[in-house]
Amino acid sequence: MTNVLLIVIAIIVLALIVGGAVLLGPRRRGAGRGQATDAGPSTTAPPGRAAGAGTAEGGTTAEGGQITVPPPTPAESAPAVERPLPSAGRMVRLRSRLARSQTAFGSALLGLLSSGKLDQDTWDEIEEILITADMGAGPAAQLVNQLRTEVKVAGTRDPAQVKAMLRADLLEQVGTDLDRTLHAQPHGGRPAVMLVVGVNGTGKTTTCGRLARVLIGDGGTVLLGAADTFRAAAADQLQTWAERVGATVVRSDREGADPASVAFDAVSKGTEAGVDTVIVDTAGRLHTKAGLMDELGKIKRVIARQGSVDEALLVLDATTGQNGLRQARVFAEVVDITGIVLTKLDGTAKGGIVIAVQRELGVPVKLVGLGEGPDDLAPFEPETFVDALLG
Ligand code: GDP
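Anyway, here's the lowdown on the structure attached to this text. Worth saying up front: this structure is predicted, and the values here are computed from it rather than measured.

### Considering the site of the ligand
So, step 1. By nearness alone, 19 residues border the ligand, and Gly203, Lys204, Thr205, Thr206 and Gly369 come closest of all.
So, step 2. It is helix H8 (residues 204-217) that provides the largest number of residues to the shell around the ligand, a total of three residues.

### Some points on unusual backbone geometry
One can expect most non-glycine residues to show negative phi and most peptide bonds to be in trans.
So, step 1. In the Ramachandran plot, Asp134 falls in the positive-phi region, its phi being about 70° despite a non-glycine side chain.
So, step 2. In this fold, Asp134 is placed in the loop between helix H5 (120-132) and helix H6 (137-154).
So, step 3. Even without glycine at this site, Lys344 takes up a positive phi of about 60°.
So, step 4. When you line up the elements, Lys344 lands in the loop between strand E8 (339-343) and helix H13 (353-361).

### Things to note about the nonpolar core
So, step 1. Core analysis: the biggest nonpolar cluster contains 95 residues, and Ala212, Leu224, Ala263, Ile279, Val280 and Leu342 have the highest contact counts within it.
So, step 2. Ranked by residues supplied to this core, first place goes to helix H10 (residues 259-273) with seven residues.
So, step 3. The residues touching Ala212, leaving out its near neighbours within four places in the chain, are Val222, Leu224, Trp241, Ala242, Val245, Ala247 and Ile279.

### A short note on the packing of helix H12 (residues 321-334) against H13
So, step 1. The contact between H12 and H13 brings their axes to 10 Å, and the two run at 25°. With respect to each other, H12 and H13 are oriented roughly parallel. Handedness of the crossing formed by H12 with H13: right-handed. Seen from H12, the contacting residues are Gly321, Leu325, Ala328, Arg329 and Ala332; seen from H13, they are Ile353, Ala356, Val357, Glu360 and Leu361.
So, step 2. Residues belonging to the contact of H12 with H13 are distributed by class as follows: seven nonpolar, one polar and two charged.

### Description of helix H9 (residues 232-245)
So, step 1. Helix length check: H9 (14 residues) gives 21 Å between terminal C-alpha atoms against 20 Å at 1.5 Å per residue, within 8%.
So, step 2. Among all positions of H9, only Ala234, Ala235, Leu238, Trp241, Ala242 and Val245 are buried. Down the axis of H9, the sector holding all buried residues measures 125°, keeping them to one side. Across H9 from its buried face, at more than 90 degrees, point the exposed residues Ala233 and Thr240.
So, step 3. Directly after H9, the chain includes Gly246, whose backbone phi takes a positive value near 70°.

Conventions adopted
- Residues numbered from 1 in each chain as written.
- Predicted model: local features only at pLDDT ≥ 70, side-chain atom pairs only at ≥ 80, totals over all residues.
- Near = placed C-beta within 6 Å.
- Helix = DSSP H or I, 4+ residues; strand = E, 2+ residues; numbered from the N terminus.
- Core = buried A, V, L, I, M, F, W, Y, C linked by C-beta atoms within 7 Å.
- Buried ≥ 20, exposed ≤ 12 C-beta atoms within 10 Å, placed from the backbone.
- Contact = placed C-beta atoms within 7 Å.
- Axes fitted to C-alpha atoms, helices over the stretch in contact; angles between N-to-C directions.
- Parallel < 35°, antiparallel > 145°, perpendicular 65-115°, else oblique.
- Left-handed = near helix turned anticlockwise from the far one by under 90°.
- Nonpolar A, V, L, I, M, F, W, Y, C, P; charged D, E, K, R; others polar.
- Expected span 1.5 Å × (residues − 1).
- Arc of directions from axis to C-beta.

Below you can see the structure in the form of structure tokens.
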């Protein structure tokens, strides 16, 4: 009898062990999957504070439209949330992307400067190279005059010395004392608000997504407002960027909805969620100045009801030269631009545009796009830029 009892107990224990193994098996495999995605500690991490911003919910806008905050994807199918690396030193890492500018600009200039004869023709040629690099006629003439005097005073053609003089003069033109800080810190219990403006195709939406990565990489939390309501694709694009880093997007469910409503809702949801920064992507159709003024003016006014615009960043495509400068002028008349984002600097030999656009608008280049990758947006560093140009 006792034996029978012992056998029954043994069977029950065995059944429990086998059952437990079956139940635990898949979980272990699941944990293994998690570890695999965590392989790169610098690129994946738990959502943290950024994901916390995702608690905002949908609602009705100030203008009565329907604004949606897409629900979080169920945990099982959600892709791993990335944590981008901090942005410091990024431009140094990406400086080789300026190789085209370097060959066209730096090598040609240095070749001429250290050549045997430095007569009027050579100086004219130097000025021409600077103008061809989109630096602008005024800054080019100024730089040539300054350099010419310095070379004469020093009485040298030594390549290293001439290069040092050119470097110093270029740095002066680019400006080492401009405030290039991004005003992304919350204040007075409200998030900082960044308005991103520019013509379609310049890389505006990409900039919003990559800027969110920069701020999150630097430890902040971000909410993105898709106020470019004329292109559903722009809102989708923004959402994809946001999901990768666990940020929230506020968007309208209706194409052509009032952009100001979306901007208003983005700021209020951002305030509710307690994020550090709200980035508002705006429409960039090339339409009349009056239309642009109405649209951006209204966005600014509705944001002002809840705080202020801390940064108005103008996105410019570095490859568009004079055309880009013309666009910049129109936007600057409509919005108080506080900083320039110069995209596609990797795709041009005309790095001089940095100097021309700053001169044109009187505001600093704060960020540069040096490729199509998610982390190819870098805080602009004058020294790194000039050193890259000169090779
Ligand atoms: P939007 O219409 O202004 O919002 O422009 P998008 O953000 O859609 O970007 C237009 C194209 O420019 C996309 O193919 C981007 O990948 C590309 N782009 C944006 N920034 C850069 C950059 O810094 N370098 C390069 N090479 N391409 C860029």
